[in-house]
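Here are the chains, one letter per residue:
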Amino acid sequence: MERVRNLFKKKEAGIITIFIIVMIIITIGNNAFLSPANIMNILTTNIVMGIAALGMLLVIITGGIDVSIGWVITIVTVVIGEFSTKVGGNLFILILVACATGAAFGLANGILVAHLKLPAIVATLGTMSIINGLVLLVTNGKYIRELPDYISGLGQQYLFKVEMAEGGFYGFPVIWLFWIGAIVLTWFVLRHTLVGRGIYAVGGNVESAERVGYRPKRVLTFAYVYTGIMAGLAAVVHTGIVRIVDPLAFKGFEMQVIAAVVVGGANVLGGYGTVLGTTIGVIFMGVINNGMVLMHIPTFYQKIAVGLIILIAVSIDVVQQTMKERRMVKVDIKD
Amino acid sequence: MSVLEFRNVSKSFPGVKALGDISFAVEKQEVHVLIGENGAGKSTLIKILTGVNSADPGSEIWIDNKKAEIGSPVDALNLGIVAIYQDFSLFDNLSVVENIALGLQVTRQKKVVDWKGMRKKAEQAMKKVRLEADPDELVANISVAKKQLVAIARALVYDVKVLIMDEPTSCLSQGEVEQLFEIVRELKADGVTIIFVSHKMEEIFEIGDQITVLRDGQYIKTASKDNITIDELIELMVGRKVTYETYGKRKMNEPVLRVENLCKKANFKDISFELNKGEILGVTGLVGAGRTEMVQAIFGLNKPDSGAIYLHGKKITIHSPVDAIKHKFGYVPENRLTEGLVQTQSIKRNLNVAILEKLKKGVFLSDTARSKSAANWMEKLSIKPVLPDMPVGKLSGGNQQRVVIAKWLATDPEVLIVDEPTAGIDIGAKEEIHRLLRELSDGGMSIIVVSSELPEVISICDRILIMKNGRIVAEMGEGATQEEILNKAVL
């Protein structure tokens, strides 16, 4: 019981509460929502978002933001397309190439933010526009098709595949391993590595971080490079699912990622945010999008609803915080 | 044997020589007080010692009679040079455990954090400083006094040889200062050498062994506390003889402001007093007595639950600082760094920010009016250097304080509330602020001075209100002494 109570004191409590309420509403609206097939569908649809959000989480904890993430993922998918069709290789090499490409763009962002001290939003807006141009230059705006099997078949691979008598099958999608791997890795980095704690330290108080011996520039650069690596991984998974490279697939993606991270309890001013919260945030946003489709709500209303839900979720968090501050007694008045 | 020695330490910033050829030694196990006016070079010297800044070529720091290379904070920490900063330098977003012990992991350059070891270290240090708190609580959620203990505990996890304490008592109440000194004495007995930076004379003589005076980036003198008096020290610090001015108590009988039964839950209770025209009313008491909360209520920054405020006998309602300014109130907050000034903006802009209405010409701000007004106030309050376009953050503490006061004087207030007007500024600047406040009151302004510094309150105030646990417990006038006030505030 004590455990449960502690869980509700956590920052994630607000979002979990709304999450449950929303799930109940959707289930009443359409009971297909809770079918295993639909739940698997929601998770699979949001893997790319989930992985990208883990990268964004690190940057947001440092107090920064990376609006170039959508276009970094795009350019990595282009590299994946070009590399796999022209060079060949295998999945392992492709993952390395993808992550290295992402890391390179992340490094560019990191240098701009950490060393040249540009505001993160300005720096990443700049790189975003440059990458946008590069992508269109290379692809001419056209799809890259006919990718080798090892990548285009990735989304169809399952572990423990069980055929059902009535046709169809159940199994554990291999691409889920990418998400799970990214979650575990990010959790480990943030919770158990010195640089991970440094990300919180720098996000909380740069000057103090420097005084205890951190090098804030390195820590910041690491956060952006890590985001680049996650973008690379996300690009691999995305390509494995959609099997083509679409130069415009990630337009506006960065805002969805940022929204998911913020809904998951991270503070855009830096210092706060968890892997658990972010992952719940991603799934939550996925559930809402899916649920509104199931309830046949027109697209325009969906956008409005998503916006409202973001505001409500974040407001609950802020109100909680204010109440907590108010409860802190300033002066002990003795009667 | 000297544990630490500065040899010809200099530091130049572009265009400024912050430190020039500082040389002195600190003996093992002593409390070595570093004293000097703001801008004397204390902070620069500490930054060099802790590896945050690097000294000019030719400067040498010797530790245990060996030349030390301090190129980064980690180097300094590995040498056992640890600092406790005035602002605590804590991470509000991290737990108590991590605040205390994370730094040790950083200096050991571990890649993976040892949480168990951290907790053990942290709990030992907490015990040492008698900090009772949930180790997993975020530092944002603990009280100021406990934060101070966290900051001390953090220093103790290192293998401390030289502990630097930068104005450690500035946020503490009397009782907490005693507790801190207790810890300092224990550390000293354990063989730690302490460099103690402070402005407060009583403290210096209570805790210090040797005292080194810096002035304008130069080394002036090191003396044993037994061989020097406060007057001599002050003279060395300011370079001229300062007489601590005591102003007479004036009797006034023309109430401007009357506060009746002001209450706010968990802040203050039954606050009633009058303020006369041309009077300086002191409000003192321990930190946490509710003084700031109370004056902020008058200025509309802290909504009271009940009670009434009368101006010239007429009841007024103040919901926000905008209302308060309309009624000709001015408020100089305690923390000029975060509340009083926009540090990155120019002196001129800071001076004008409260009177933009008056500087309008048509719908636009008049550039000439702005420059004129700024120049006028800079001259009136002798704010130096006279560079209106310089960012305010680059001024010394005393000058910054004058800018905050000038900003409010420009609004032509009838009632001026100043919260800790001389906190963290040097003695010379303090005296000038005192004189300024007296002049303003002579000109008919009514002033409320909130201050923890008793000599200050006694010196400049006509009447003194003493607060304790959110209530006014006594009022004193002629003949008030520090002992009496302290008695009322504590007992």
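Bear in mind that the values here come from a model prediction, so they are computed numbers and not experimental data. (Residues numbered from 1 in each chain as written. Chains lettered and ligands numbered in written order. Predicted model: local features only at pLDDT ≥ 70, side-chain atom pairs only at ≥ 80, totals over all residues. Heavy atoms only, no water.)

Quick notes on the sheet that holds strand E19 (residues 415-419) of chain B
Residues and elements named next belong to chain B. Operational definition: One bridge is not enough; two strands pair if DSSP finds at least two bridges between them. Per the convention used, a helix needs a DSSP run of H or I reaching at least four residues, while a strand needs a run of E reaching at least two, with both numbered from the N terminus. Simply put, an axis is a line fit to the C-alpha atoms, just over the touching stretch for a helix, and the angle between two N-to-C directions goes from 0 to 180 degrees. Throughout, a residue-residue contact means that at least one pair of heavy atoms, one from each residue, lies within 4.5 Å.
An order of E16-E19-E20-E13-E21-E22 is seen for the six strands of this open sheet, with the pairing classed as mixed. Two strands in the sheet have a free side with no partner beyond their single neighbour: strand E16 (329-332) and strand E22 (471-476). Averaged over neighbouring strand pairs, the angle between their axes works out to 20° when direction is ignored. Summarising the sheet, E16 and E19 pair through four bridges and their orientation is parallel. Directly across from Tyr 331, in E19, lies its bridge partner Ile 417. Its contacts with the sheet place helix H15 (residues 427-442) against strand E13 (280-285), E19 and strand E20 (446-450), and it is angled at close to 150° to E20.

Concerning the interface of chain B and chain A
We apply this condition: Buried area counts how much accessible surface, traced with a 1.4 Å probe, disappears from two parts once they are put together, with both parts' losses summed. Should a side-chain nitrogen of Lys or Arg be within 4 Å of a carboxyl oxygen of Asp or Glu, the pair is scored as a salt bridge.
Tallying the contact residues gives 42 residues for chain B and 29 residues for chain A. Across the interface of chain B and chain A, roughly 2800 Å² is buried in total on both sides, 58% from carbon and sulfur atoms. At the junction of chain B and chain A, the tally comes to two salt bridges. The closest approach of N and O atoms between A:Arg211 and B:Asp87, which form a salt bridge, is 3.4 Å.

Re helix H9 (residues 174-192) of chain A
The criterion, for reference: Expected helix span is taken as 1.5 Å per residue step, with the number of steps being one fewer than the number of residues. Residue burial is assigned from relative accessible area. The probe radius is 1.4 Å, only protein chains are included, and a residue is buried under 20% of its type maximum, exposed over 50%, and partly exposed in between.
The terminal C-alpha atoms of H9(A) lie 27 Å apart, and with 19 residues this matches the ideal 27 Å at 1.5 Å per residue to within 8%. Within the sequence span of H9(A), burial applies to A:Val174, A:Ile175, A:Trp176, A:Phe178, A:Trp179, A:Ala182, A:Thr186, A:Val189 and A:Leu190.

Considerations on the environment of B:Ala153
All names here are of chain B. Considering the arrangement of structural elements, one finds Ala 153 in helix H5 (residues 144-156). For Ala 153, a relative accessible area of 0% translates into the label buried. Distance in space between the C-alpha atoms of Ala 153 and Leu 236 is 34 Å, their sequence separation being 83 residues. Residues in contact with Ala 153, not counting those within four places in the same chain, are Ile 100, Ala 125, Met 126 and Val 129.

Brief notes about the nonpolar core
Applied cut-off: Throughout this description, the term nonpolar core refers to a set of buried Ala, Val, Leu, Ile, Met, Phe, Trp, Tyr and Cys residues connected via side-chain atoms within 4.5 Å.
Among the nonpolar cores identified, the biggest contains 159 residues, and A:Ile51 and B:Leu163 are the most heavily contacted of them. Looking at this core element by element, the count peaks at 13 residues for helix H4 (residues 47-61) of chain A. In this structure B:Leu163 touches B:Val82, B:Ile84, B:Ala155, B:Leu187, B:Val192, B:Thr193, B:Ile194 and B:Ile195, once residues within four positions along its chain are discounted. Residues B:Ile298, B:Ile405, B:Met476 and B:Ile485 belong to the second largest nonpolar core, which totals 75 residues.

Structural notes on the packing of H5(B) against helix H6 (residues 174-189) of chain B
Residues and elements named next belong to chain B. Where we set the bar: Roughly parallel means an angle under 35 degrees; roughly antiparallel, over 145; roughly perpendicular, 65 to 115; everything else is oblique.
Contact pair H5 / H6: the axes reach a minimum separation of 11 Å and the direction vectors enclose 10°. Considering their axes alone, H5 and H6 lie roughly parallel with respect to each other. Contacts between H5 and H6 pair Ala 145, Gln 148, Leu 149, Ile 152 and Leu 156 from the former with Glu 176, Gln 179, Leu 180, Ile 183 and Leu 187 from the latter.

Quick word on the packing of aromatic side chains
Residues and elements named next belong to chain B. We apply this condition: Centre distance within 6.5 Å is the pairing criterion for rings of Phe, Tyr and Trp, where only the six-membered ring of Trp is used; planes under 30 degrees apart are then read as stacked, over 60 as edge-to-face, and the remainder as tilted. By the criterion adopted, a ring carries a charge over it if an Arg CZ or a Lys NZ lies within 6 Å of its centre and within 35 degrees of its normal.
Applying the stated criterion across every chain yields a total of nine aromatic pairs over all chains. Consider the rings of Phe 299 and Trp 408, whose centres lie 5.7 Å apart with planes at 90°: the pair is edge-to-face. Of this pair, Phe 299 sits in the loop between helix H9 (291-298) and strand E14 (306-311) while Trp 408 sits in helix H14 (residues 397-409); the two residues are 109 residues apart in sequence, bridging distant segments of the chain. Each member of the pair, Phe 299 together with Trp 408, is buried. Of note, Arg 7 hangs over the ring of Trp 62, and the distance from its end group to the ring centre comes to 3.8 Å. The ring of Tyr 310 is capped by Arg 258, whose NZ or CZ atom sits 4.4 Å from the centre of that ring.

As for the pairing of strand E8 (residues 193-197) of chain B
Residues and elements named next belong to chain B. Among the five residues in E8, five count as buried, and that is most of the element. With burial as the criterion, each face of E8 is covered, one bearing Thr 193, Ile 195 and Val 197 and the other bearing Ile 194 and Phe 196. Judged from the four bridges that link them, strand E3 (residues 31-35) and E8 form a sheet pairing that is parallel. Residue pairing across strands places Val 33 opposite Phe 196, the latter belonging to E8. Relative to E8, strand E7 (residues 162-166) runs parallel, the two sharing five bridges. Bridge pairing links Asp 166 to Val 197 in E8.

Observations concerning the side chain of B:Ser2
Here B:Ser2 lies in strand E1 (residues 2-13). Sequence-distant contacts of B:Ser2, that is, excluding residues within four places in its chain, are made with B:Ala25, B:Val26, B:Glu27, B:Asp64 and B:Asn65.

Details of the pairing of E7(B)
Looking along a regular strand, one sees side chains alternate from face to face of the sheet. Residue and element names in this part refer to chain B. The buried fraction of E7 is high, at five of five residues. Covered by surrounding structure in E7 are Val 162, Ile 164 and Asp 166 together with Leu 163 and Met 165, the residues of both alternating faces. The pairing of strand E6 (residues 81-84) with E7 spans four bridges and is parallel. Directly across from Ile 84, in E7, lies its bridge partner Met 165.

No statement about biological role is implied by the geometric values presented.
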